Amino acid sequence: MSKYPDELEPKFRDSAEPLLTDFKPMSVGYVIQRFIEEMAGPHMKAIGESQMCILRVIQRMPLGKVRADELDDEHILTFAKQLRNGEYGARKKARSPATVNQYIVYLGGALSFAKSAWRECKAVKAGAITDAKPFLVKNRMIGKSEPRKRVPVGDEIERILAHYETHTRRRVPMPQIIAFALVSTGRLGEIARIQWGDIDMDRKDADGNDAPMYMVRDLKHPTKKLGNNKSFPLFPELAEIIRMMPRLAPSDPSERVFKFNAKSASASYTVTKKALGITNLRFHDNRRKAITTWLARLKSPHKVKLISGHETTAILERVYDATDPVTLHAELAKLTLDTVQAHA
């Protein structure tokens, strides 16, 4: 049985992976396919799994057949309504406003890229999305997602680590990866990309004190896909974990410190927490836990962003700051006491 809807061209419907020739030239599906193939080239950052899945769904929808140079706001509105109503996709599931917005963003990215990159696509109507957005926002067809608040609580981390310690037949060094994430705030894929050549154990600060650093390559960024390399402080706990990792090729600076596949590690984490009866917990929640812990310790979003890699403090304050208003009473009392003692 074909996994593609019947209303699509036979070639696309019967292909395991569609080709550019499966689409009519200048159709939205064609533009998306060319974008996918272009991004798979050298020196381009590969499209992520979630984005790829969304682009494939768009190709299979009626919008995929529309000529990109004839696209208008009505096409975008119809497209958004179909997503909200759950008319397309493997599960025929109604999408939330936040999810529809993600579809719109990825579609817009492909159209804008085509319009600016290829001469024959200069007529692509990428502005159709801009024209449709006021209506989509006003009628709540697109919107922002609610920030996720879940973090490991109680003894969840201890139970997960204990589970890994008792399962010696593991290829992925999950205890070390989890521990590194809980201190560094690193994302799973970014931890996987750290190379031995990115570790500077001998770094000194301006006063000559030890200040080891490490670099993360291609750090996640809303616009920069490649080359967003940043250095971070290598705290003693992190340095200790790195020293535990085997180095197989000492003369190769490009050898990865943590030799694991991010997808395999994520799958392992999911299987383990399910086996322990822990619900609604993702590996990425360790990053949230780490950032909220650093915010509580340092009391400075500006310092914490130097650890988390955020460009500004806005998202730290909006998403990660878990300050309990109840604690402000104690803070004010301490401030008042300090002021009185200073003038006594």
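Check the entry above for the structure.
Residues numbered from 1 in each chain as written. Predicted model: local features only at pLDDT ≥ 70, side-chain atom pairs only at ≥ 80, totals over all residues. Heavy atoms only, no water.

(A) Here's a closer look at the overall build of the protein chain. Helices and strands together make up the secondary structure of the protein chain, namely 15 helices and 3 strands. In the protein chain, which comprises 344 residues, the proportion classed as buried is 40%. Considering only contacts within the protein chain whose residues lie at least 6 apart along the sequence, 59% involve residues at least 24 apart. Entry remark: accessible area of the protein chain is about 19,900 Å², with carbon and sulfur atoms responsible for 55%. (Helix = DSSP H or I, 4+ residues; strand = E, 2+ residues; numbered from the N terminus. Buried < 20%, exposed > 50% of the residue type's maximum accessible area, 1.4 Å probe, protein only. Contact = heavy atoms within 4.5 Å. Areas by Shrake-Rupley, 256 points an atom, 1.4 Å probe, with all protein chains shown as cover.)

(B) Main features of empty space enclosed by the protein. According to the stated counting rule, one finds 2 cavities of 30 Å³ or more in the structure shown. Lining the largest cavity are 15 residues, and of these Gly-186, Glu-190, Tyr-214, Val-216 and Phe-232 sit closest to its centre. Of all the secondary structure elements, the ones that give two or more residues to the lining of the largest cavity are helix H8 (174-184), helix H9 (188-192), strand S2 (213-216) and helix H13 (301-308). Looking at side-chain class alone, the lining of the largest cavity contains 8 nonpolar, 4 polar and 3 charged residues. (1 Å grid on protein atoms, 1.4 Å probe; cavity = no way out; pocket = protein on both sides within 12 Å on 5 of 7 lines; lining within 4 Å. Points joined across faces, edges and corners; volume = space filled by probe spheres on them. Nonpolar A, V, L, I, M, F, W, Y, C, P; charged D, E, K, R; others polar.)

(C) Up close: helix H3 (residues 49-60). Under the 1.5 Å per step criterion, the end-to-end length of H3 is 17 Å for 12 residues, consistent within 8% with the ideal 16 Å. Turning to H3, its buried residues number three or more, namely Gln-51, Ile-54, Leu-55, Arg-56, Val-57, Ile-58, Gln-59 and Arg-60. (Expected span 1.5 Å × (residues − 1).)

(D) How the structure looks around the side chain of Arg-150. Tracing the chain through its elements places Arg-150 in the loop between helix H6 (127-138) and helix H7 (156-166). Take Arg-150: its relative accessible area is 17%, and that puts it in the buried class. Side-chain polar atoms of Arg-150 contact the backbone oxygen of Thr-279, separated by 2.9 Å. When near neighbours in sequence (up to four residues on either side) are disregarded, Arg-150 contacts Glu-156, Ile-278, Thr-279, Asn-280, Leu-281, Asp-285 and Arg-288. (Polar contact = N/O pair within 3.5 Å; in protein donor to acceptor, adjacent residues only side chain to side chain.)

(E) Region of interest: the packing of helix H12 (residues 285-298) against H13. At their nearest, the axes of H12 and H13 sit 9 Å apart, and the two run at 145° to each other. You can see that H12 and H13 cross each other, and the crossing is right-handed. On H13, the residues that touch Arg-287, Ile-291, Trp-294, Leu-295 and Leu-298 of H12 are Pro-301, Lys-303, Val-304, Ile-307 and Ser-308. By residue class, the composition of the contact of H12 with H13 is 7 nonpolar, 1 polar and 2 charged. (Axes fitted to C-alpha atoms, helices over the stretch in contact; angles between N-to-C directions. Left-handed = near helix turned anticlockwise from the far one by under 90°.)

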